[in-house]
Each structure stands twice: as C-alpha cells, then as structure tokens.
Amino acid sequence: MSPIEYEHYCADLLRRAGWDARVTSASGDQGVDIVATRGGRTLVVQAKRYSGSVGNAAVQEVLAGKQFMGADLAAVVSPAPFTRSAVELANVTGVRLVHHEQLADL
C-alpha cells in the first residue's frame with residue numbers, strides 16, 4: 001500500500017468509527033494528512049506508512065497542523081513503532097500515537 005493509499009485507508013477507518021473524515025491535498029497540508037470531525041470536535045492526523053520507527057518530526061508536524069487548523073485533537077498513525085523521543089514529545093504535547101487498528105478508539 002502506498003503512503004497515499006494508507007491515508008485513504010486510515011480516513012476510511014475513521015469514517016467507520018463515526019468520524020466525518022477527509023484526506024487533505026498532498027501539498028500545503030501543514031503536516032496534516034486527514035481532518036476528521038465528530039461531535040463538534042476536530043481531529044487532525046498524520047499518517048506514516050513506515051517500516052522503520054516513526055520519529056519526532058511526525059509529532060512536531062501534526063502538532064503544528066493542529067495549531068494551524070485550530071483542531072481539538074492530533075494523532076500520528078502508523079503500523080510502525082514510535083521512537084522514544086517521539087513518545088516523550090507526544091506525552092508532553094497531548095498528541096496521540098496510534099496503530100491504525102486503534103483509530104476507532106480516538
């Protein structure tokens with residue numbers, strides 16, 4: 001599955017969980033791949049289809065996208081593990097780090 005296909009796959013999982021989700025354009029997305037709304041709340045997601053670990057940059061990018069879009073929640077989704085540094089930053093900033101199987105829990 002390509003990175004773009006993975007974004008669409010994750011948006012579909014969010015829709016199945018009751019979110020109104022859309023994939024953003026490939027450029028100018030300010031670190032946000034998916035925008036989803038439900039119950040008056042907005043979630044921004046960065047989807048990383050990596051085989052290696054997902055690092056700090058993904059957390060920084062989605063956090064910037066959250067602020068830019070005025071969203072309530074931010075998450076990085078990946079089938080890969082997250083680095084210790086990414087976990088530490090996510091814990092401090094409130095960014096959720098999830099496997100795509102956990103998207104329904106957001």
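Owing to the predicted nature of the structure, the values given are computational and were not obtained by experimental measurement.

Colleague: Which residues make up the overall build of the protein chain, and what values go with them?
Modeller: Helices and strands together make up the secondary structure of the protein chain, namely three helices and five strands. Its helices and strands taken in sequence order, the protein chain reads α-β-β-β-α-β-α-β from the N to the C terminus. Seen along its three principal axes, the alpha-carbon backbone of the protein chain occupies a region of about 30 × 30 × 30 Å. By residue count, 39% of the 106 residues in the protein chain fall in the buried class. Long-range pairs, those at least 24 residues apart, make up 51% of the contacts in the protein chain with a sequence separation of at least 6. Summing over all exposed atoms, the protein chain offers an accessible surface of approximately 5,600 Å²; the carbon and sulfur share of this is 48%.

Colleague: Which residues make up the nonpolar core, and what values do they have?
Modeller: In globular proteins that are soluble, nonpolar side chains generally tend to be buried together. Counting residues in each nonpolar core, the largest one holds 17 residues, and the members touching the most others are L14, I34, L43, V77 and L103. Top contributing element to this core by residue count: helix α1 (residues 3-16), with five residues. With sequence-adjacent residues up to four places away left out, L103 is seen in contact with C10, L13, L14, V77 and V98.

Colleague: Help me get a handle on the pairing of strand β4 (residues 73-77), residues and values and all.
Modeller: Counted residue by residue, β4 has four buried out of five residues, so it is predominantly covered. Handedness of the β-α-β unit built from strand β3 (residues 41-47), helix α2 (residues 56-69) and β4 comes out right-handed. Inspection of the sheet shows β4 paired to strand β5 (residues 96-98) by three bridges, in the parallel sense. Bridge assignment links V76 to a residue of β5, and that residue is L97. Since β4 and β5 lie parallel, the crossover through helix α3 (residues 84-93) that links them has a hand, and here it is right-handed.

Colleague: Tell me about the environment of Q46, and please be specific about residues and values.
Modeller: Within the secondary structure, Q46 sits in strand β3. Taking the relative accessible area as the measure of exposure, Q46 reaches 2% and is therefore buried. In this structure the C-alpha to C-alpha distance between Q46 and D105, which are 59 residues apart in sequence, comes to 16 Å.

Colleague: Can you lay out the sheet that holds β5 for me, pointing to particular residues and giving the numbers?
Modeller: With respect to topology, five strands assemble into an open sheet ordered β1-β2-β3-β4-β5, the strand pairing being mixed. Since the sheet does not close on itself, it has two edges, and those belong to β1 (20-23) and β5, each with one partner. On average, adjacent strands in this sheet sit at an angle of 20° to one another, irrespective of strand direction. Against the sheet, α2 contacts β2 (34-38), β3, β4 and β5, and its axis sits at roughly 150° relative to β3.

Colleague: Explain the environment of A11 to me, using residue names and the numbers behind them.
Modeller: With respect to the secondary-structure elements, A11 resides in helix α1. For A11, a relative accessible area of 0% gives the class buried. For the pair A11 and E88, spaced 77 residues apart in the sequence, the C-alpha separation amounts to 26 Å. Setting aside anything within four residues of it in sequence, one finds A11 in contact with A21, V23 and I34.

About the criteria used
Residues numbered from 1 in each chain as written. Predicted model: local features only at pLDDT ≥ 70, side-chain atom pairs only at ≥ 80, totals over all residues. Heavy atoms only, no water. Helix = DSSP H or I, 4+ residues; strand = E, 2+ residues; numbered from the N terminus. Buried < 20%, exposed > 50% of the residue type's maximum accessible area, 1.4 Å probe, protein only. Contact = heavy atoms within 4.5 Å. Areas by Shrake-Rupley, 256 points an atom, 1.4 Å probe, with all protein chains shown as cover. Core = buried A, V, L, I, M, F, W, Y, C linked by side-chain atoms within 4.5 Å. Right-handed = clockwise from strand over helix to strand, strands pointing away. Pairing = 2+ DSSP bridges. Axes fitted to C-alpha atoms, helices over the stretch in contact; angles between N-to-C directions.

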